[in-house]
Amino acid sequence: MTPVVLIAEELAPAAIDVLAYDFDVRHVDGTDRPALLAALAEADAVIVRSATRIDAEAVAAAPRLKVVARAGVGLDNVDVPAATARGVMVVNAPTSNIVSAAEQAIALLLSVARHTSAASAALKRGEWKRAKYTGVEVQGKTVGVVGLGRIGVLFAQRMAAFGTRLIAYDPYIQPARAAQLGVRLVGLDELLRESDFISIHLPRTPETLGLIGEKELATVKPGVRIINAARGGLVDERALADALAEGRVGGAGLDVFVTEPTTESPLFAFDNVVVTPHLGASTAEAQDKAGLSVARSVKLALQGEFVPDA
Ligand code: NAD
Ligand code: MLT
């Protein structure tokens, strides 16, 4: 029987071409749980992005499953221990969308600094208000990077070109590595106290969930602008809304939310909050790279070949 590759979310057409000749490629909406579980019953491989949960129940529903492929970076929607316990390989595309994600964080940061989104919406409503949307320059400001991994580094390198002073919190990075990048490693307390902008680039883990909560937001430099294009919940949404309401936080740029998809949040009420629907990886380039990378890994895995690091 031809092995079945189940595609549970949007995948670049070029990636589907890689698989279509050798495999029975099927599609399902990964957010439709009953449909997903039913389709997994015959799947040899499943390809997901961030909206489909491949947890222990999903693995158990897939007796033929040999590989779970995540067309992107974060693996927080895949229960890797449950898959591994069943002998199911998990692959991702860890560098496919890092440039796009870093660029998205910068787009949000600049938009928050210059009120781009609110001013655009106002002008389209017929309001020409220049004074109301006076912003701030980024040059000379202190930018705090939380999580100096692949995306954090790309973000920092790009922000350096704006003439910012860069500090970072990442207890797993050597100070010498940060120094090479022109970034000073500091504790979280110092980063919160000193930063004019904070950008989060962490994975979602039990340790990082709610890392920036009420207590942390009480200690920030007044007026700080916070960017999160990593994962919803790393900055506590309720605490952020309270800090915005008090003016302690001067603005936020958010690409990710605790609940996704979502079209309602108390954060949407603030003019100085710019939001996007998890678009960090949504570029033609990143989708081609992520799709092709996981399609090749799935093909090798199902053909019993060695799967090199993506
Ligand atoms: P990475 O693993 O290269 O870097 C993560 C960094 O976080 C590492 O340097 C690690 O040491 C640090 N870290 C881990 N736990 C920490 C903690 N408790 N405190 C401080 N630092 C900690 O990952 P990456 O490629 O840079 O991606 C980061 C995250 O961005 C991904 O896990 C994913 O959730 C998210 N992401 C979002 C989008 C999007 O579309 N918005 C796109 C790609 C990635
Ligand atoms: C990722 O972790 O790669 C991102 O969240 C992007 C995505 O899921 O498309």
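Residues numbered from 1 in each chain as written. Chains lettered and ligands numbered in written order. Predicted model: local features only at pLDDT ≥ 70, side-chain atom pairs only at ≥ 80, totals over all residues. Heavy atoms only, no water.

### So, the overall build of the chain
Consideration 1: Each helix and strand in the chain was counted, giving twelve helices and twelve strands.
Consideration 2: Over its C-alpha trace the chain gives a radius of gyration of 21 Å, about what one expects of a compact globule, namely 19 Å for 310 residues.
Consideration 3: Viewed in the frame of its principal axes, the chain has a C-alpha envelope of about 65 × 50 × 30 Å.
Consideration 4: Across the 310 residues that make up the chain, the buried fraction comes to 49%. (Helix = DSSP H or I, 4+ residues; strand = E, 2+ residues; numbered from the N terminus. Rg over C-alpha atoms; globule rule 2.2 N^0.38 Å. Buried < 20%, exposed > 50% of the residue type's maximum accessible area, 1.4 Å probe, protein only.)

### Some points on the packing of aromatic side chains
Consideration 1: For the structure on display, the rule yields one aromatic pair.
Consideration 2: The interplanar angle of 90° and the centroid separation of 5.8 Å between the aromatic rings of F257 and F268 together place this pair among those described as edge-to-face. Taken together, the residues F257 in the loop between β11 (249-254) and β12 (273-275) and F268 in the loop between β11 and β12 connect sequence positions eleven residues apart.
Consideration 3: A residue is classified by how much of its surface remains accessible, and F257, at 6% relative accessible area, is buried.
Consideration 4: Owing to a relative accessible area of 32%, F268 belongs among the partly exposed residues under this scheme. (Phe/Tyr/Trp six-rings, centres within 6.5 Å; stacked < 30°, edge-to-face > 60°.)

### Looking at the site of ligand 2
Consideration 1: Inspection of the region around ligand 2 gives R49, S50, R70, G72, V73, G74, N97, R231, H278 and A281 as its neighbouring residues.
Consideration 2: Contacts to ligand 2 include V73, whose backbone N or O atom sits 2.6 Å from an oxygen atom.
Consideration 3: Here an oxygen atom of ligand 2 and a side-chain polar atom of R231 are 2.7 Å apart.
Consideration 4: Protein chains shield 93% of the accessible area of ligand 2, which is 270 Å² for the free molecule.
Consideration 5: Split by residue class, the shell around ligand 2 holds two nonpolar, five polar and three charged. (Near = heavy atom within 4 Å. Polar contact = N/O pair within 3.5 Å; in protein donor to acceptor, adjacent residues only side chain to side chain. Areas by Shrake-Rupley, 256 points an atom, 1.4 Å probe, with all protein chains shown as cover. Nonpolar A, V, L, I, M, F, W, Y, C, P; charged D, E, K, R; others polar.)

### Quick notes on the confidence of the model for the chain
Consideration 1: Confidence in the prediction of the chain, expressed as mean pLDDT, is 97, and 100% of residues score 70 or more.
Consideration 2: Both scores are available for the predicted complex, with the pTM at 0.97 and the ipTM at 0.99. (pLDDT = per-residue confidence, 0-100.)

### Observations regarding the side chain of D44
Consideration 1: Within the secondary structure layout, D44 lies in the loop between α2 (33-40) and β3 (45-48).
Consideration 2: At a separation of 2.7 Å, a polar atom in the side chain of D44 contacts the side chain of R64.

### Examining the pattern of salt bridges
Consideration 1: The full count for this structure, using the stated rule, is 19 salt bridges.
Consideration 2: Measuring nitrogen to oxygen at the nearest pair gives 2.8 Å for the salt bridge that ties E57 to R33. Residue E57 is found in helix α3 (residues 56-60), and its partner R33 is found in helix α2; the two are separated by 24 residues along the sequence.
Consideration 3: R33 gets classed as buried once you look at its relative accessible area, which sits at 18%.
Consideration 4: Put simply, K129 and E127 hold a salt bridge, and the shortest N to O gap is 3.6 Å.
Consideration 5: By relative accessible area, which is 24% here, E127 ends up partly exposed.
Consideration 6: One continuous salt-bridge network, built from bridges that share partners, spans R33, R53, D55 and E57. (Salt bridge = Lys/Arg side-chain N within 4 Å of Asp/Glu carboxyl O.)

### Quick word on the sheet that holds strand β4 (residues 67-70)
Consideration 1: Ordered in space as β2-β1-β3-β4-β5, the five strands form an open sheet in which the pairing is parallel. With partners counted over all chains shown, the strands left at the sheet margins are β2 (24-27) and β5 (89-92), one partner each. Neighbour-to-neighbour, the strand axes of the sheet open up by a mean angle of 20°, direction not taken into account.
Consideration 2: Judged from the four bridges that link them, β4 and β5 form a sheet pairing that is parallel. Pairing of V67 across the sheet is with M89, part of β5.
Consideration 3: Helix α12 (residues 284-302) rests against β1 (4-7), β3, β4 and β5 of the sheet, and its axis sits at about 170° to β4. (Pairing = 2+ DSSP bridges. Axes fitted to C-alpha atoms, helices over the stretch in contact; angles between N-to-C directions. Contact = heavy atoms within 4.5 Å.)

### Examining the site of ligand 1
Consideration 1: Lining the immediate surroundings of ligand 1 are 27 residues, of which R150, I151, D170, A229 and D255 lie closest.
Consideration 2: For ligand 1, an oxygen atom lies 2.9 Å from a polar atom in the backbone of R150.
Consideration 3: In this structure, A229 approaches ligand 1 through a main-chain N or O atom, which is 2.9 Å from a nitrogen atom.
Consideration 4: Expressed as a share of its isolated accessible area of 870 Å², the protein-covered part of ligand 1 is 88%.
Consideration 5: Counting residues per element, the ones that place at least two in the shell around ligand 1 are α5 (98-114) and α7 (150-160).
Consideration 6: For the shell around ligand 1, the residue count by class is 15 nonpolar, seven polar and five charged.

### A short note on the nonpolar core
Consideration 1: I198, I200, L217, I226, L240 and V249 are the most contacted members of the largest nonpolar core, which totals 29 residues.
Consideration 2: Looking at this core, the elements that each hand over two or more residues are α9 (188-194), β9 (197-200), β10 (224-228), α11 (237-246) and β11.
Consideration 3: The leading source of residues in this core is α11, at five residues.
Consideration 4: One finds L108, V138, F155 and A156 within the second-largest nonpolar core, a separate group that totals 28 residues. (Core = buried A, V, L, I, M, F, W, Y, C linked by side-chain atoms within 4.5 Å.)

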